[in-house]
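Residue strings, one per chain:
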Amino acid sequence: GENVEQHPSTLSVQEGDSAVIKCTYSDSASNYFPWYKQELGKGPQLIIDIRSNVGEKKDQRIAVTLNKTAKHFSLHITETQPEDSAVYFCAAIVSGGYQKVTFGIGTKLQVIP
Amino acid sequence: NAGVTQTPKFQVLKTGQSMTLQCAQDMNHEYMSWYRQDPGMGLRLIHYSVGAGITDQGEVPNGYNVSRSTTEDFPLRLLSAAPSQTSVYFCASSADINYGYTFGSGTRLTVV
C-alpha cells in the first residue's frame, strides 16, 4: 500500500522567514495531494492541494510543488506569521478507491515572533 | 453553513461501556469518513461511506460500527469501550475522493 513520509516532524522559524515541509510517497498511482493545517484543539483544515498534472500551485503566501519523478511534494510558506503556528499534514490519494487516502504523520510548525 | 458537526466534544467512558459519536454534515457530501488521531501515528481511517446505505472498513475498524441511513449523518458506535480506544476522533466529508476533506472539530474520548 501507499506510504507517505513527512519531514521534519518539528520546525521552528523566525517570524518573516520561510518554512518548507516535505513529503514523499511510494505509490506512483497517487494523483491528488492535499495539505491540511490543524490548529490546537481543532480539526484539520484544507489549505492547498495539487493534482498530478500540475507541478506547482500558489495561494498568497502558501505554495505547493510536486515532483512526480522523485515522488515528493512540498509545502512552502513565505513571510511566516505567528498565526501560521500549527501542525501541518500532507496526504496522498489514489483515485478510484475511497479508502486510499494516506496521511503523513504531521509537522509541528512554530513561528517565533 | 455549519459544515461538519461532531458531538460530543469530550467524553469519558468506563471500560466496557458503549456509546455513539455523532457526525452530521450539511454540504450534501456523498463521502464521509471516521478517523482517529493518536500521538505519533497521524490520522488512521476507521470506517468510511460512499453514500447512504453504503459503508466499508478502513485501516483500524475493530471495536467500531457505523451506519449511514441518510446523506447527512454518519454515527460511529463503540461497542464495548477499551482503554486502547482513548483517542481524538474526527469525522470528515468530501464531495468526491478527488477533493479535499472537510473535517469536524473532533471528539476527545478517554476510556478509563
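In this report, we go over the structure that sits alongside the text.

The rules we used
- Residues numbered from 1 in each chain as written.
- Chains lettered and ligands numbered in written order.
- Predicted model: local features only at pLDDT ≥ 70, side-chain atom pairs only at ≥ 80, totals over all residues.
- Heavy atoms only, no water.
- Helix = DSSP H or I, 4+ residues; strand = E, 2+ residues; numbered from the N terminus.
- Rg over C-alpha atoms; globule rule 2.2 N^0.38 Å.
- Salt bridge = Lys/Arg side-chain N within 4 Å of Asp/Glu carboxyl O.
- Buried < 20%, exposed > 50% of the residue type's maximum accessible area, 1.4 Å probe, protein only.
- Core = buried A, V, L, I, M, F, W, Y, C linked by side-chain atoms within 4.5 Å.
- Contact = heavy atoms within 4.5 Å.
- Pairing = 2+ DSSP bridges.
- Axes fitted to C-alpha atoms, helices over the stretch in contact; angles between N-to-C directions.
- 1 Å grid on protein atoms, 1.4 Å probe; cavity = no way out; pocket = protein on both sides within 12 Å on 5 of 7 lines; lining within 4 Å.
- Points joined across faces, edges and corners; volume = space filled by probe spheres on them.
- Nonpolar A, V, L, I, M, F, W, Y, C, P; charged D, E, K, R; others polar.
- Phe/Tyr/Trp six-rings, centres within 6.5 Å; stacked < 30°, edge-to-face > 60°.
- Lys NZ or Arg CZ within 6 Å of the ring centre and 35° of its normal.

### Re the overall build of chain A
In terms of regular secondary structure, chain A is built from zero helices and 11 strands. Taken from the N to the C terminus, the helices and strands of chain A come in the order β-β-β-β-β-β-β-β-β-β-β. Scaling as 2.2 N^0.38, a compact globule of 113 residues should have a C-alpha radius of gyration of about 13 Å, and chain A matches this with 14 Å. Here the C-alpha coordinates of chain A stretch approximately 45 × 30 × 20 Å along the principal axes.

### As for the pattern of salt bridges
A pair can form between side chains of opposite charge whenever their charged atoms are brought close. All names here are of chain A. Taken as a whole, this structure holds six salt bridges over all chains when the rule is applied. In this structure, the salt-bridge partner of Asp84 is Arg61, at a minimum N-O distance of 2.9 Å. Separated by 23 residues along the polypeptide, Asp84 in the loop between β8 (72-77) and β9 (86-93) and Arg61 in the loop between β6 (56-59) and β7 (62-67) bring together distant segments of the chain. With relative accessibility at 6%, the residue Asp84 sits in the buried group. By relative accessible area, Arg61 is classed as partly exposed at 23%. A single network of salt bridges, built from pairs that share partners, joins Lys37, Glu39 and Lys42.

### Focus on the nonpolar core
Trp35(A), Phe73(A), Leu75(A) and Leu109(A) are the most contacted members of the largest nonpolar core, which has 23 residues in total. Listed by contribution, the elements that provide at least two residues to this core are β2 (10-14), β3 (19-25), β4 (32-38), β5 (45-51), β7, β8, β9 and β11 (107-112) of chain A. When near neighbours in sequence (up to four residues on either side) are disregarded, Leu109(A) contacts Leu11(A), Val13(A), Ala19(A), Ile77(A), Asp84(A), Ser85(A), Ala86(A) and Tyr88(A). Ala81(B), Tyr89(B), Cys91(B) and Val111(B) belong to the second largest nonpolar core, which has 18 residues in total.

### Details of the sheet that holds β6(A)
Residues and elements named next belong to chain A. A sheet is described by the order of its strands in space; here five strands give the open sequence β1-β3-β8-β7-β6, paired in antiparallel fashion. Edge positions in the open sheet fall to β1 (4-7) and β6, since each of these has one partner strand only. On average, each strand axis in the sheet is inclined to that of its neighbour by 15 degrees, with strand direction left out of account.

### Section: the layout of surface pockets
What the largest pocket holds in volume is close to 860 Å³. Contributing to the lining of the largest pocket are 32 residues, with Gln38(A), Leu40(A), Gly41(A), Val87(A) and Gln37(B) lying nearest its centre. Those elements that provide at least two residues to the lining of the largest pocket are β9 and β11 of chain A together with β4 (31-38), β9 (87-94) and β11 (107-111) of chain B. Among the elements that line the lining of the largest pocket, the one with the most residues is β11(A), at four residues. Per-class residue counts for the lining of the largest pocket are 10 nonpolar, 16 polar and six charged. In this structure, the second largest pocket spans a volume of roughly 350 Å³. Every residue lining the second largest pocket is counted, 20 residues in all, and those nearest its centre are Glu2(A), Val101(A), Thr102(A), Phe103(A) and Glu59(B). At the level of elements, β10 (101-103) of chain A together with β5 (42-51) of chain B are the ones that each hand at least two residues to the lining of the second largest pocket. By residue number, the principal contributor to the lining of the second largest pocket is β5(B), which donates four residues.

### Side note on the packing of aromatic side chains
Here the structure, examined in full by the defined rule, presents 14 aromatic pairs over all chains. Judged by centre distance (4.8 Å) and plane angle (45 degrees), the rings of Tyr25(A) and Phe33(A) are tilted. Each of the two residues, Tyr25(A) as well as Phe33(A), counts as buried. A ring pair is formed by Tyr36(A) and Phe103(B), whose centres lie 5.5 Å apart and whose planes are at 90 degrees; its orientation type is edge-to-face. Taken together, the residues span two chains, with Tyr36(A) in strand β4 and Phe103(B) in strand β10 (residues 102-103). Across this residue pair, the class does not change: Tyr36(A) and Phe103(B) are buried. In this structure an aromatic cluster arises from ring pairing among Tyr36(A), Phe103(A), Tyr35(B), Phe90(B), Tyr101(B) and Phe103(B). Directly above the ring of Tyr99(B) sits Arg51(A), whose terminal nitrogen or CZ lies 5.1 Å from the centroid.

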